[in-house]
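Chain by chain, the residues run as shown.
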Amino acid sequence: MRIAVIGAGTIGSAVAKALAEEGYEVVVTRRKVEKVKWLESYGVEVSNDNKAAAKKADIIILAVKPNKVKKVLEEINPTVEGKILISFAAGLSLNFLKRLTGAKLVRAMPNIAVLVKESFTAYTANDLDRKEIELVEKIFGAFGKCVRVDEEYMDAITGLSGSGPAYASVFLESLIYGGLKVGLPRDIALLASAQTLLGTAKLLLETNLHPAQIRDMVITPGGTTIDGIFELEDSRFRTAIMKAIDAATKKSRLLSLEIK
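Reading guide: rules and limits
- Along every chain, residues carry numbers that run from 1 in the direction the sequence is written.
- Only residues with pLDDT of at least 70 get local features here, since the model is predicted, and only at 80 or more are side-chain atom pairs given and counted; chain-wide, interface and lining totals rely on the full set of residues.
- The basis for every side-chain value is the complete set of non-hydrogen atoms in the structure, without hydrogens or water.
- Each helix is a run of H or I in the DSSP string that is no shorter than four residues. Each strand is a run of E no shorter than two, and both are numbered from the N terminus.
- Whenever two N or O atoms come within 3.5 Å, that pair is a polar contact, provided that in protein one can donate a hydrogen and the other can accept it, and provided that, for residues adjacent in sequence, both atoms are side-chain atoms.
- Contacts: residue pairs with any heavy atoms within 4.5 Å of one another.
- A helix is expected to reach a length of 1.5 Å times the quantity of its residues less one.
- Throughout, exposure labels follow a simple rule: accessible area from a 1.4 Å probe, protein chains only, divided by the maximum for the residue type, with under 20% read as buried, over 50% as exposed, and the rest as partly exposed.
- By definition, the arc is the one covered by directions from the helix axis to the C-beta atoms.
- When DSSP locates at least two bridges between a pair of strands, those strands are taken to pair.
- Axis definition: a line fitted to C-alpha atoms, over the contacting stretch in the case of helices. Angles run 0 to 180 degrees between N-to-C directions.
- Each patch is built from residues lacking any salt bridge and having more than 30% relative accessible area; the joining distance is 9 Å for like charges and 5 Å for nonpolar side chains (Val, Leu, Ile, Met, Phe, Trp, Tyr).
- For the accessible areas, the method is Shrake-Rupley and the probe is 1.4 Å, while residue cover comes only from the protein chains on display.
- Note on definitions: salt bridges are taken to be side-chain nitrogens of Lys or Arg within 4 Å of carboxyl oxygens of Asp or Glu.
- Any angle between 65 and 115 degrees counts as roughly perpendicular, while under 35 counts as roughly parallel, over 145 as roughly antiparallel, and the rest as oblique.
- Rotating anticlockwise by less than a right angle from the far helix to the near helix defines a left-handed crossing, while the corresponding clockwise rotation defines a right-handed one.
- In the scheme used here, Gly and all other residues not listed as nonpolar or charged are polar, with Ala, Val, Leu, Ile, Met, Phe, Trp, Tyr, Cys and Pro taken as nonpolar and Asp, Glu, Lys and Arg as charged.
- A pair of aromatic rings is counted whenever rings of Phe, Tyr or Trp (Trp by its six-membered ring) have centres within 6.5 Å, and the orientation is called stacked for planes under 30 degrees apart, edge-to-face for over 60 and tilted otherwise.

Caption draft 1: The arrangement of the side chain of Arg 2 in detail. Following the sequence through the fold, Arg 2 ends up in strand 1 (residues 2-6). Side-chain polar atoms of Arg 2 contact the side chain of Glu 25, separated by 2.5 Å. Polar side-chain contacts of Arg 2 include one of 2.7 Å to the side chain of Glu 45. Among residues more than four places away in sequence, those in contact with Arg 2 are Glu 25, Val 27, Glu 45, Lys 56, Ala 57, Asp 58 and Ile 59.

Quick look at the structure:
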């Protein structure tokens, strides 16, 4: 199984590394190949020739920016007919992509946590048979967790989990700064903040408790936590997060209209 990753930026490079570590034969492309030479130590072939990479591949992963998709597909189209092509481009629907290529299409949205193989990857596909779906899910399994969804949810997935690590990082940074403000050493503030987020997420996933139940397990009458919660509510913290997801989702929906 040979996989071509077209566009070895941050996500593309991480995907290539993860796939190579799972035993796949991987080639990545980037105009400035010197920036991804480090992937060769993982057995990844590095190239600046999109067409040649796609021609030799069984599966193509398109990890370029949405405004570059049309140009790249025009370049590689003669080599991808009937092959599985996985697009990571935000906002570009299967119908949009189908007008540009004769490949079997998968629209997917991983996130930056693929760097540590803990991505949440949602995908949608219409023209793949059962064995092809199993193959796609095996590939995504190398990145972390994956879920198949109806395409109508893909823009919302982009706004939530695609952009989510950025929101979580802002919150994490705020926890660290809060720790610094009350006198914690920087290394302790960072470790306490990161492990608290990690532990809470694991608690949620492994117990199936609602977030509100976990919150109420921590809050005690007249204790310290309720004062902190009061400040978050007064600052409209939850509203801000919901508005961020809504804004990112709307932007994803606009992308296919902006790109002709």
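On we go from here.
Caption draft 2: Spotlight on the environment of Ser 193. Examined against the element boundaries, Ser 193 turns out to sit in helix 8 (residues 186-207). With 19 residues separating them in the primary sequence, Ser 193 and Ser 174 have C-alpha atoms 9.1 Å apart. Apart from the residues within four sequence positions on either side, Ser 193 is in contact with Leu 172, Leu 175 and Ile 176.

Caption draft 3: Structural detail: helix 11 (residues 237-258). Look at helix 11: 31 Å from first C-alpha to last across 22 residues, which is about the 32 Å you get at 1.5 Å a residue. For helix 11, the complete set of buried residues consists of Ala 248, Thr 249, Ser 252 and Leu 255. Looking down the long axis of helix 11, one finds its buried residues gathered within 105° of arc, a one-sided arrangement. Set apart from the buried face of helix 11 by more than 90 degrees, the exposed residues are Met 242, Lys 243 and Leu 257.

Caption draft 4: Examining the pairing of strand 6 (residues 104-109) more closely. Taken across its six residues, strand 6 has five buried, putting it largely inside the fold. Alignment of strand 5 (residues 84-87) against strand 6, held across four bridges, turns out to be parallel. Considered in strand 6, the bridge of Ile 86 is made with Val 106.

Caption draft 5: Structural detail: the sheet that holds strand 5. The eight strands are arranged 3-2-1-4-5-6-7-8 in an open sheet whose pairing can be described as mixed. Two strands close off the open sheet at either side, each with one partner strand: strand 3 (45-47) and strand 8 (144-148). Between one strand and the next, the sheet's axes are offset by a mean angle of 25°, whatever the strand orientation. Together, strand 1, strand 4 (59-62) and strand 5 form the strand contacts of helix 3 (residues 69-80), whose direction differs from that of strand 4 by roughly 175°.

Caption draft 6: Representation of a nonpolar patch on the surface. Residues Ile 112, Leu 115 and Val 116 make up a contiguous nonpolar surface patch of roughly 270 Å² in combined accessible area. Among the secondary structure elements, Val 116 is positioned in the loop between strand 6 and strand 7 (119-125).

Caption draft 7: Broad picture of the packing of helix 6 (residues 154-162) against helix 11. Between helix 6 and helix 11, the least distance of the axes is 8 Å, while the angle of their chain directions is 135°. Classified by the angle between their axes, helix 6 and helix 11 sit oblique to one another. Judged by the sense of rotation from one axis to the other, the crossing of helix 6 with helix 11 is right-handed. The residues of helix 11 that touch helix 6, namely those facing Asp 155, Ala 156, Thr 158, Gly 159 and Leu 160, are Ile 245, Ala 248, Thr 249, Ser 252 and Arg 253. By residue class, the composition of the contact of helix 6 with helix 11 is four nonpolar, four polar and two charged.

Caption draft 8: Highlighting the packing of aromatic side chains. Scanning the entire structure with this criterion turns up four aromatic pairs. Considering the side-chain rings of Trp 38 and Tyr 42, the 6.2 Å spacing of their centres and the 90° angle between planes classify their relative orientation as edge-to-face. On the basis of relative accessible area, Tyr 42 is assigned to the partly exposed category, the value being 34%. Judged by centre distance (5.6 Å) and plane angle (50°), the ring pair of Phe 171 and Phe 237 falls under tilted. With Phe 171 in helix 7 (residues 164-181) and Phe 237 in helix 11, this residue pair connects regions lying 66 residues apart in the sequence. On the accessibility criterion, Phe 237 (31% relative accessible area) is partly exposed.

Caption draft 9: Representation of the pattern of salt bridges. Under the counting rule described, the total for this entry stands at 14 salt bridges. Across the salt bridge formed by Lys 250 and Asp 246, the nearest N and O atoms sit 3.0 Å from each other. In this pair, Lys 250 and Asp 246 are both assigned in helix 11, four residues apart and thus about one turn of the helix distant. Exposure remark for Lys 250: the relative accessible area of 47% places this residue in the partly exposed category. A relative accessible area of 37% means that Asp 246 is categorised as partly exposed. Via salt bridges that share partners, Arg 2, Glu 25, Glu 45 and Lys 56 belong to a single interconnected network.

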